[in-house]
Amino acid sequence: MRKTIAATLGAAALVLPVGNAVAATTRSTATVTPKKKVVTVKKTVSGQQAEADRWGALQVTLVVKKTTTTVGEKRTVTRRITSVTVPVYPNHTDRSVFINQQALPMLEQEALAAQFTGGINMISGASDSSDAFIQSLQSALLVAKKV
């Protein structure tokens, strides 16, 4: 009789699933991670020439790095200014050259630090150049946002 009970319980253990095994098979799910695609483009954009009062024209040129990241249906675009130059600036007098040699590097650094926020401080002693720089920078930023 003992052999019969042991054989019946052993067979029942093999036939009946364990409670945890059923739960484990119903909980397992496969997750598919969407592929990530990154595209980076560098563009050079120039702002409009702005007049520095009676001293002459000033123009800002930016190099903008645009990175587009796509994960599934979600697309993220980031823009970063990597370089700021001033190819056109007032230089018809020695005083203009001196002022702009001092002010323009500081204005370029301000623009790089501010990125697209537009928080540029004017340079004391170069208010006309600073004002023209800010005007040209604003127009270049508008063009860069459309790129």
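Here's a quick rundown of the structure.

What counts as what
- Here, residues in each chain are numbered from 1, in the same order as that chain's written sequence.
- pLDDT decides what is reported in this predicted model: residues at 70 or higher carry local features, side-chain atom pairs at 80 or more are listed and counted, and totals for whole chains, interfaces and linings draw on all residues regardless.
- Derived side-chain values reflect all non-hydrogen atoms in the structure, with water molecules and hydrogen atoms excluded from consideration.
- Working definition: helices are DSSP H or I runs of at least four residues, strands are E runs of at least two. Numbering for both runs from the N terminus.
- Whether two residues touch is decided by their heavy atoms; if any such pair falls within 4.5 Å, the residues are in contact.
- Here the accessible surface of atoms and residues is derived via Shrake-Rupley with a 1.4 Å probe, and residues count as covered only by protein chains that are part of the display.
- Working definition of a nonpolar core: buried Ala, Val, Leu, Ile, Met, Phe, Trp, Tyr and Cys residues. They are joined through side-chain atoms within 4.5 Å.
- When accessible area is computed with a 1.4 Å probe and restricted to protein chains, residues below 20% of their type maximum are described as buried, those above 50% as exposed, and intermediate ones as partly exposed.
- Note on geometry: axes are lines fitted to C-alpha atoms, helical ones only across the stretch in contact, with angles between N-to-C directions running from 0 to 180 degrees.
- Helix crossings get a hand from a simple test, with the near helix turned counterclockwise from the far one by less than a right angle marking a left-handed crossing and a clockwise turn marking a right-handed one.
- Residues are sorted three ways: Asp, Glu, Lys and Arg are charged, Ala, Val, Leu, Ile, Met, Phe, Trp, Tyr, Cys and Pro are nonpolar, and all the rest, Gly among them, are polar.
- The term salt bridge refers to a side-chain nitrogen of Lys or Arg lying within 4 Å of a carboxyl oxygen of Asp or Glu.
- In this analysis, the expected span of each helix is defined as 1.5 Å times one less than the number of residues it contains.
- Here the bend at a residue means the angle between the axes of two seven-residue stretches, the one that ends at it and the one that starts at it.
- Here, a strand pair is defined by DSSP locating no fewer than two bridges between the strands.

1. Thoughts on the overall build of the protein chain
Okay, so step 1: Helix and strand content of the protein chain: 4 helices and 4 strands.
Okay, so step 2: Taken from N to C terminus, the helices and strands of the protein chain fall in the order α-α-β-β-β-β-α-α.
Okay, so step 3: In the protein chain, the proportion of contacts linking residues at least 24 apart, taken out of those at least 6 apart, comes to 57%.
Okay, so step 4: Carbon and sulfur atoms form 55% of the exposed surface of the protein chain, whose accessible area is close to 10200 Å².

2. Observations concerning the nonpolar core
Okay, so step 1: In terms of nonpolar packing, the biggest core is built from 25 residues, with L58, V60, L62, V84, I120, F133 and L137 touching the most fellow members.
Okay, so step 2: Elements with a contribution of two residues or more to this core: β3 (57–71), β4 (74–88), α3 (94–114) and α4 (127–146).
Okay, so step 3: Excluding anything up to four places from it in sequence, V84 contacts V60, T61, L62, E108, A111, L112 and F133.

3. Observations concerning the packing of α3 against α4
Okay, so step 1: Their axes nearest at 10 Å, the elements α3 and α4 cross at an angle of 35°. Judged by the sense of rotation from one axis to the other, the crossing of α3 with α4 is right-handed. Note on element contacts: α4 touches α3 through S129, S130, F133 and L137, opposite N100, L104, L107, E108 and A111.
Okay, so step 2: Here the residues of the contact of α3 with α4 are counted per class, giving 5 nonpolar, 3 polar and 1 charged.

4. Quick word on the pattern of salt bridges
Okay, so step 1: For the structure shown, the criterion picks out 1 salt bridge.
Okay, so step 2: One salt bridge connects D53 with R54, and the closest N-O pair in it is separated by 3.8 Å.
Okay, so step 3: By relative accessible area, which is 61% here, R54 ends up exposed.

5. Observations regarding the side chain of S96
Okay, so step 1: The topology assignment puts S96 in helix α3.
Okay, so step 2: Look at S96 and you get buried, because its relative accessible area is 4%.

6. Looking at α3
Along an α-helix, residues three or four apart share an orientation, since each turn contains 3.6 residues.
Okay, so step 1: Between its first and last C-alpha, α3 extends 30 Å over 21 residues, near the 30 Å set by a 1.5 Å rise per residue.
Okay, so step 2: Along its length, α3 shows its largest kink, about 30°, at N100.
Okay, so step 3: Where α3 is concerned, the buried positions are S96, N100, A103, L104, L107, A111 and A114.
Okay, so step 4: Of the surrounding elements, those touching the buried residues of α3 are β3, β4 and α4.
Okay, so step 5: Following α3 by one or two positions, Q115 has its phi on the positive side, about 55°.

7. Looking at the pairing of β4
Okay, so step 1: Sheet topology places β3 next to β4; 12 bridges connect them, and they run antiparallel. Considered in β4, the bridge of T69 is made with T76.
Okay, so step 2: In this structure, the hairpin formed by β3 and β4 is closed by a connection of 2 residues, where G72 is found at a positive phi of approximately 65°.

8. Regarding the environment of V86
Okay, so step 1: Looking at the secondary structure, you find V86 in strand β4.
Okay, so step 2: The sequence separation of V86 and E108 amounts to 22 residues, and the corresponding C-alpha distance is 8.2 Å.
Okay, so step 3: Residue contacts for V86: discarding those within four places in its chain leaves L58, Q59, L104, E108 and F133.

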